[in-house]
Amino acid sequence: MQDALNRPEETADEARVGPNAILQVAAALRAAGGEAEARRVFEAAGLLPLLAAPPTAMTRQSAAAALHLALRDALPEAAAERIQADAGRRTADYLLANRIPRPAQWLLKALPGRLAAPILLKSIRANAWTFAGSGRVTAAWDGRRARIEILDNPLATPGCPWHVAVFERLFRTLVDARTQVAHPACCARGALHCRFEIIPAGVPAGHAHAGDPGKESA
Ligand SMILES: [Zn+2]
(Lines give C-alpha, C1' and ligand atoms only; values in the text may rest on other atoms or scores of the structure.)
Protein backbone atom coordinates (compact mmCIF):
# COMPACT_ATOMS: atom_id res chain seq x y z
CA MET A 1 0.00 0.00 0.00
CA GLN A 2 1.06 3.52 -0.65
CA ASP A 3 1.20 6.10 2.08
CA ALA A 4 -1.43 8.66 2.98
CA LEU A 5 -0.46 10.90 0.08
CA ASN A 6 -2.49 8.61 -2.12
CA ARG A 7 -5.66 8.88 -0.10
CA PRO A 8 -6.38 12.58 -0.29
CA GLU A 9 -9.99 12.33 0.80
CA GLU A 10 -9.48 10.04 3.76
CA THR A 11 -7.41 12.19 6.12
CA ALA A 12 -9.43 14.15 8.62
CA ASP A 13 -7.02 16.41 10.44
CA GLU A 14 -5.62 18.61 7.73
CA ALA A 15 -6.96 21.77 6.12
CA ARG A 16 -8.48 21.32 2.68
CA VAL A 17 -8.51 23.34 -0.48
CA GLY A 18 -10.69 23.10 -3.57
CA PRO A 19 -9.81 20.30 -6.01
CA ASN A 20 -9.17 22.83 -8.77
CA ALA A 21 -5.83 23.69 -7.18
CA ILE A 22 -4.78 20.24 -8.42
CA LEU A 23 -7.17 19.42 -11.29
CA GLN A 24 -6.51 22.56 -13.25
CA VAL A 25 -2.74 22.24 -12.90
CA ALA A 26 -3.09 18.84 -14.53
CA ALA A 27 -5.21 20.34 -17.30
CA ALA A 28 -2.76 23.18 -17.88
CA LEU A 29 0.23 20.80 -17.94
CA ARG A 30 -1.50 18.52 -20.44
CA ALA A 31 -2.42 21.47 -22.64
CA ALA A 32 1.14 22.78 -22.64
CA GLY A 33 3.26 19.63 -22.67
CA GLY A 34 1.01 16.62 -23.01
CA GLU A 35 0.58 13.66 -20.71
CA ALA A 36 4.32 13.11 -20.29
CA GLU A 37 4.81 16.59 -18.87
CA ALA A 38 1.90 16.16 -16.49
CA ARG A 39 3.26 12.82 -15.31
CA ARG A 40 6.73 14.26 -14.79
CA VAL A 41 5.49 17.03 -12.51
CA PHE A 42 2.95 14.94 -10.60
CA GLU A 43 5.61 12.26 -10.08
CA ALA A 44 8.07 14.84 -8.75
CA ALA A 45 5.38 15.94 -6.29
CA GLY A 46 4.78 12.34 -5.21
CA LEU A 47 1.23 12.65 -6.49
CA LEU A 48 1.10 10.43 -9.54
CA PRO A 49 -2.03 8.62 -8.27
CA LEU A 50 -3.89 11.94 -8.25
CA LEU A 51 -3.22 12.33 -11.97
CA ALA A 52 -4.91 9.02 -12.72
CA ALA A 53 -7.69 9.46 -10.15
CA PRO A 54 -8.23 13.20 -9.75
CA PRO A 55 -9.77 14.55 -6.57
CA THR A 56 -13.48 15.16 -6.95
CA ALA A 57 -14.03 17.13 -3.77
CA MET A 58 -12.02 19.20 -1.34
CA THR A 59 -8.51 17.89 -1.07
CA ARG A 60 -5.57 18.10 1.32
CA GLN A 61 -3.80 21.42 1.09
CA SER A 62 -0.39 19.75 1.48
CA ALA A 63 -0.98 17.82 -1.75
CA ALA A 64 -1.91 20.97 -3.63
CA ALA A 65 1.06 22.81 -2.12
CA ALA A 66 3.44 19.98 -3.06
CA LEU A 67 2.18 20.05 -6.62
CA HIS A 68 2.66 23.79 -7.05
CA LEU A 69 6.15 23.60 -5.53
CA ALA A 70 7.10 20.62 -7.70
CA LEU A 71 5.89 22.51 -10.75
CA ARG A 72 8.14 25.44 -9.87
CA ASP A 73 11.09 23.06 -9.34
CA ALA A 74 10.53 20.96 -12.44
CA LEU A 75 10.09 23.67 -15.05
CA PRO A 76 11.94 26.86 -15.96
CA GLU A 77 10.53 29.80 -14.01
CA ALA A 78 8.65 31.44 -16.87
CA ALA A 79 7.16 28.15 -18.05
CA ALA A 80 6.04 27.24 -14.53
CA GLU A 81 4.44 30.65 -14.09
CA ARG A 82 2.58 30.24 -17.38
CA ILE A 83 1.25 26.85 -16.29
CA GLN A 84 0.14 28.21 -12.92
CA ALA A 85 -1.55 31.20 -14.54
CA ASP A 86 -3.31 28.97 -17.05
CA ALA A 87 -4.43 26.72 -14.18
CA GLY A 88 -5.76 29.79 -12.38
CA ARG A 89 -7.75 30.90 -15.42
CA ARG A 90 -9.12 27.39 -15.80
CA THR A 91 -10.08 27.39 -12.13
CA ALA A 92 -11.99 30.64 -12.54
CA ASP A 93 -13.66 29.32 -15.70
CA TYR A 94 -14.76 26.25 -13.77
CA LEU A 95 -16.23 28.43 -11.03
CA LEU A 96 -18.04 30.56 -13.61
CA ALA A 97 -19.44 27.49 -15.35
CA ASN A 98 -20.37 25.45 -12.30
CA ARG A 99 -20.31 27.33 -9.03
CA ILE A 100 -21.43 30.93 -9.45
CA PRO A 101 -25.17 31.05 -10.21
CA ARG A 102 -26.10 32.60 -13.56
CA PRO A 103 -28.48 35.20 -12.08
CA ALA A 104 -25.69 36.39 -9.79
CA GLN A 105 -23.37 36.65 -12.80
CA TRP A 106 -25.93 38.65 -14.78
CA LEU A 107 -26.41 40.99 -11.84
CA LEU A 108 -22.69 41.54 -11.33
CA LYS A 109 -22.14 42.21 -15.04
CA ALA A 110 -25.02 44.70 -15.12
CA LEU A 111 -23.85 46.67 -12.10
CA PRO A 112 -21.20 49.37 -12.26
CA GLY A 113 -17.81 48.02 -11.23
CA ARG A 114 -17.81 50.02 -8.02
CA LEU A 115 -20.95 48.18 -6.91
CA ALA A 116 -20.15 44.76 -8.35
CA ALA A 117 -16.64 44.58 -6.91
CA PRO A 118 -17.60 44.46 -3.20
CA ILE A 119 -20.28 41.84 -3.93
CA LEU A 120 -17.83 39.58 -5.73
CA LEU A 121 -15.24 40.20 -3.04
CA LYS A 122 -17.69 39.10 -0.35
CA SER A 123 -18.38 35.90 -2.28
CA ILE A 124 -14.66 35.23 -2.68
CA ARG A 125 -14.18 35.79 1.05
CA ALA A 126 -17.01 33.36 1.86
CA ASN A 127 -15.29 30.67 -0.22
CA ALA A 128 -11.77 31.50 0.90
CA TRP A 129 -10.96 27.98 2.09
CA THR A 130 -11.01 26.80 -1.53
CA PHE A 131 -7.91 28.84 -2.38
CA ALA A 132 -6.42 29.54 1.05
CA GLY A 133 -6.90 26.34 3.07
CA SER A 134 -5.61 27.01 6.58
CA GLY A 135 -4.45 30.53 5.62
CA ARG A 136 -6.41 33.29 7.36
CA VAL A 137 -8.06 35.51 4.79
CA THR A 138 -9.16 39.10 5.06
CA ALA A 139 -10.76 41.06 2.26
CA ALA A 140 -11.58 44.75 2.00
CA TRP A 141 -12.97 47.12 -0.59
CA ASP A 142 -12.09 50.80 -0.26
CA GLY A 143 -14.26 52.13 -3.05
CA ARG A 144 -11.56 51.85 -5.68
CA ARG A 145 -9.58 48.71 -5.06
CA ALA A 146 -10.11 45.32 -3.45
CA ARG A 147 -7.45 43.97 -1.16
CA ILE A 148 -7.26 40.27 -0.30
CA GLU A 149 -4.70 39.11 2.25
CA ILE A 150 -3.87 35.51 3.07
CA LEU A 151 -1.87 35.08 6.29
CA ASP A 152 0.47 32.07 5.97
CA ASN A 153 -0.77 31.18 2.50
CA PRO A 154 -0.24 27.41 2.27
CA LEU A 155 -0.25 27.46 -1.55
CA ALA A 156 2.19 30.34 -1.93
CA THR A 157 4.79 30.15 -4.66
CA PRO A 158 6.81 33.20 -5.71
CA GLY A 159 4.39 35.73 -7.15
CA CYS A 160 1.45 33.33 -6.69
CA PRO A 161 0.53 33.18 -10.40
CA TRP A 162 -2.35 30.75 -9.74
CA HIS A 163 -4.07 33.02 -7.22
CA VAL A 164 -3.46 36.13 -9.32
CA ALA A 165 -5.01 34.48 -12.36
CA VAL A 166 -8.07 33.23 -10.44
CA PHE A 167 -8.83 36.69 -9.09
CA GLU A 168 -8.04 38.41 -12.37
CA ARG A 169 -10.29 36.16 -14.45
CA LEU A 170 -13.20 36.43 -12.00
CA PHE A 171 -12.98 40.22 -11.78
CA ARG A 172 -12.40 40.71 -15.51
CA THR A 173 -15.41 38.53 -16.34
CA LEU A 174 -17.85 39.75 -13.70
CA VAL A 175 -16.77 43.26 -12.71
CA ASP A 176 -14.58 45.07 -15.21
CA ALA A 177 -12.62 43.76 -18.19
CA ARG A 178 -9.86 46.27 -17.43
CA THR A 179 -9.13 44.82 -13.97
CA GLN A 180 -5.48 44.65 -12.96
CA VAL A 181 -4.22 42.44 -10.13
CA ALA A 182 -0.98 43.24 -8.32
CA HIS A 183 0.70 40.99 -5.77
CA PRO A 184 3.05 43.33 -3.88
CA ALA A 185 3.69 41.09 -0.84
CA CYS A 186 4.09 37.31 -0.95
CA CYS A 187 4.63 34.62 1.69
CA ALA A 188 6.90 32.81 -0.76
CA ARG A 189 9.15 35.89 -0.75
CA GLY A 190 9.30 36.29 3.03
CA ALA A 191 6.18 38.33 3.76
CA LEU A 192 3.74 37.35 6.51
CA HIS A 193 0.80 37.78 4.16
CA CYS A 194 0.18 37.22 0.52
CA ARG A 195 -1.48 40.50 -0.42
CA PHE A 196 -3.42 40.93 -3.64
CA GLU A 197 -4.57 44.34 -4.82
CA ILE A 198 -7.34 44.18 -7.36
CA ILE A 199 -8.15 47.34 -9.24
CA PRO A 200 -11.23 47.04 -11.45
CA ALA A 201 -10.75 50.14 -13.56
CA GLY A 202 -8.18 52.76 -14.52
CA VAL A 203 -5.90 53.87 -11.75
CA PRO A 204 -4.48 57.35 -11.24
CA ALA A 205 -0.79 57.63 -12.10
CA GLY A 206 1.44 56.71 -9.19
CA HIS A 207 -0.76 53.89 -7.94
CA ALA A 208 -0.27 51.50 -10.80
CA HIS A 209 1.82 48.42 -10.14
CA ALA A 210 5.17 48.58 -11.89
CA GLY A 211 4.26 45.63 -14.11
CA ASP A 212 0.91 47.00 -15.19
CA PRO A 213 0.28 48.31 -18.65
CA GLY A 214 -0.56 51.98 -18.76
CA LYS A 215 -3.86 52.83 -17.11
CA GLU A 216 -3.95 56.54 -17.54
CA SER A 217 -7.57 56.87 -18.57
CA ALA A 218 -9.06 57.33 -15.08
ZN1 LIG B 1 1.98 35.06 -2.74
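Structural data are supplied above this passage.
Residues numbered from 1 in each chain as written. Predicted model: local features only at pLDDT ≥ 70, side-chain atom pairs only at ≥ 80, totals over all residues.

### Description of the overall build of the chain
Phase 1 of the analysis: Check the secondary structure of the chain and you find eight helices and six strands.
Phase 2 of the analysis: The 218 residues of the chain split such that 42% are buried. (Helix = DSSP H or I, 4+ residues; strand = E, 2+ residues; numbered from the N terminus. Buried ≥ 20, exposed ≤ 12 C-beta atoms within 10 Å, placed from the backbone.)

### Re the pairing of strand 6 (residues 193–199)
Phase 1 of the analysis: The element strand 6 is extensively covered by neighbouring structure, given that five of its seven residues are classed as buried.
Phase 2 of the analysis: As defined by bridge partners, strand 4 (residues 146–151) adjoins strand 6 across six bridges and the pair is classed as antiparallel. Bridging from a neighbouring strand, Ala146 pairs with Ile198 of strand 6.
Phase 3 of the analysis: Bridging between strand 5 (residues 180–185) and strand 6 involves four bridges; their strand directions are antiparallel. (Pairing = 2+ DSSP bridges.)

### Quick notes on helix 3 (residues 61–74)
Phase 1 of the analysis: Its 14 residues give helix 3 an end-to-end C-alpha distance of 20 Å, which sits within 8% of 20 Å, the value for a rise of 1.5 Å per residue.
Phase 2 of the analysis: The inward-facing, buried residues of helix 3 contact strand 1 (16–17), helix 1 (20–44), helix 2 (48–52), strand 2 (59–60), helix 4 (77–98) and helix 8 (161–174). (Expected span 1.5 Å × (residues − 1). Contact = placed C-beta atoms within 7 Å.)

### Some words on the environment of Gln180
Phase 1 of the analysis: As for its position among the elements, Gln180 is in strand 5.
Phase 2 of the analysis: Among the residues examined, Gln180 registers 22 C-beta atoms within 10 Å and is labelled buried.
Phase 3 of the analysis: For Gln180 and Pro200, which are 20 residues apart along the polypeptide, the C-alpha to C-alpha distance reads 6.4 Å.

### Remarks on the packing of helix 4 against helix 8
Phase 1 of the analysis: As a packed pair, helix 4 and helix 8 sit with axes 7 Å apart at the nearest point and diverge in direction by 40 degrees. It follows from the interaxial angle that helix 4 and helix 8 lie oblique. When the axes of helix 4 and helix 8 are compared, the crossing they make is right-handed. Seen from helix 4, the contacting residues are Glu81, Gln84, Ala85, Ala87, Gly88, Arg89, Thr91, Ala92, Asp93, Leu95 and Leu96; seen from helix 8, they are Pro161, Trp162, His163, Val164, Ala165, Val166, Arg169, Leu170 and Thr173.
Phase 2 of the analysis: Broken down by class, the residue content of the contact of helix 4 with helix 8 amounts to eleven nonpolar, five polar and four charged. (Axes fitted to C-alpha atoms, helices over the stretch in contact; angles between N-to-C directions. Parallel < 35°, antiparallel > 145°, perpendicular 65-115°, else oblique. Left-handed = near helix turned anticlockwise from the far one by under 90°. Nonpolar A, V, L, I, M, F, W, Y, C, P; charged D, E, K, R; others polar.)

### Here we look at the nonpolar core
Phase 1 of the analysis: One finds Ile22, Val25, Leu67, Leu120 and Phe167 to be the most contacted residues of the largest nonpolar core, which totals 57 residues.
Phase 2 of the analysis: The biggest single contributor to this core is helix 1, with ten residues.
Phase 3 of the analysis: Excluding residues within four positions of it along the chain, Leu120 makes contact with Leu108, Leu170, Phe171, Leu174 and Val175. (Core = buried A, V, L, I, M, F, W, Y, C linked by C-beta atoms within 7 Å.)

### Considerations on the packing of helix 1 against helix 4
Between two packed helices, the angle of one axis relative to the other and the distance separating the axes together describe the packing.
Phase 1 of the analysis: Two elements in contact, helix 1 and helix 4, have axes separated by 8 Å at closest approach and are oriented at 120 degrees. As the angle between them shows, helix 1 and helix 4 are arranged oblique. Of the two elements, helix 1 crosses helix 4, and the hand of that crossing is right-handed. Contacts between helix 1 and helix 4 involve Asn20, Gln24, Val25, Ala27, Ala28, Leu29, Ala31 and Ala32 from the former and Ile83, Asp86, Ala87, Arg90, Thr91 and Tyr94 from the latter.

### Here's the deal with the sheet that holds strand 3 (residues 136–141)
Hydrogen bonding along the main chain pairs the strands of a sheet, whether they run parallel or antiparallel.
Phase 1 of the analysis: One open sheet accounts for four strands, arranged 3-4-6-5; its pairing is antiparallel. In the strand order of this sheet, the two ends are held by strand 3 and strand 5, each with one partner. Across the sheet, the mean angle separating the axes of adjacent strands is 15 degrees when strand polarity is ignored.
Phase 2 of the analysis: Pairing analysis gives six bridges linking strand 3 to strand 4, with the strands arranged antiparallel. Bridging across to strand 4, Ala139 finds its partner in Ile148.
Phase 3 of the analysis: Of the strands in this sheet, strand 4, strand 5 and strand 6 are in contact with helix 8, which crosses strand 6 at around 25 degrees.

### Examining unusual backbone geometry
Phase 1 of the analysis: Phi at Asp152 is positive, roughly 55 degrees, even though this residue is not glycine.
Phase 2 of the analysis: Here Asp152 lies in the loop between strand 4 and helix 8.
Phase 3 of the analysis: By the C-beta count within 10 Å, which is 14 here, Asp152 ends up partly exposed.
Phase 4 of the analysis: If you check the backbone angles, Cys160 has positive phi at about 40 degrees while not being a glycine.
Phase 5 of the analysis: Structurally, the position occupied by Cys160 is in the loop between strand 4 and helix 8.
Phase 6 of the analysis: Of the residues examined, Cys160 has 28 C-beta atoms within 10 Å and is grouped as buried.

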